[in-house]
Amino acid sequence: FDVLLRARDENGIHMEYSGGDKTEYIEGIGNLYERDGGRWSGWMYSVNGAYGDIGCGQFELNDGDVIEWNYTCDLGLDLDADSKEAEEWKETH
C-alpha cells in the first residue's frame, strides 16, 4: 500500500481507497473504479506474478519485488489470479 501511495504521489495519479491501518481497500485508480467494469470488477495486486490473498497493506515486500495493479472484470478469473473462492462467491452472491 505504501508503494502504491508513493507511485500515486510521484506520478500525480488519481486514487481513492477506504479503510486504513492495514485494511486498505482500493476503490479506484486513474478514475477507474470497482464495478465500472461490471458487478465483479475491481482492482487486484500481484507481487512477482502471484496475486495476493491478503490486503495490500499487510503484504511484506522484499527488495526487487515487482508489484502490479490490474483491473479485473470477473473477480480475478479473467486475470488467471487462481482465486479458488471466486466461482463460489459468484454462485452465492
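Residues numbered from 1 in each chain as written. Predicted model: local features only at pLDDT ≥ 70, side-chain atom pairs only at ≥ 80, totals over all residues. Heavy atoms only, no water.

Caption draft 1: Local environment of the packing of aromatic side chains. Counted according to the given criterion, the structure contains four aromatic pairs. Judged by centre distance (5.3 Å) and plane angle (70 degrees), the ring pair of Trp43 and Tyr71 falls under edge-to-face. Pair noted here: Trp43 is in strand E4 (residues 42-47) and Tyr71 is in strand E6 (residues 67-72), with a separation of 28 residues, a long-range link. Taken individually, Trp43 and Tyr71 each receive the classification buried, so the pair is uniform in this respect. Relative to Trp69, the ring of Tyr45 lies with its centre 5.6 Å away and its plane at 45 degrees, an arrangement referred to as tilted. Taken together, the residues span a long stretch of sequence, with Tyr45 in strand E4 and Trp69 in strand E6 at a distance of 24 residues. Given the relative accessible area of 9%, Tyr45 is considered buried. By relative accessible area, which is 21% here, Trp69 ends up partly exposed. Taken together, the ring pairs in this structure connect Tyr45, Phe59 and Trp69 into an aromatic cluster. (Phe/Tyr/Trp six-rings, centres within 6.5 Å; stacked < 30°, edge-to-face > 60°. Helix = DSSP H or I, 4+ residues; strand = E, 2+ residues; numbered from the N terminus. Buried < 20%, exposed > 50% of the residue type's maximum accessible area, 1.4 Å probe, protein only.)

Just distances and angles here, no functional claims.
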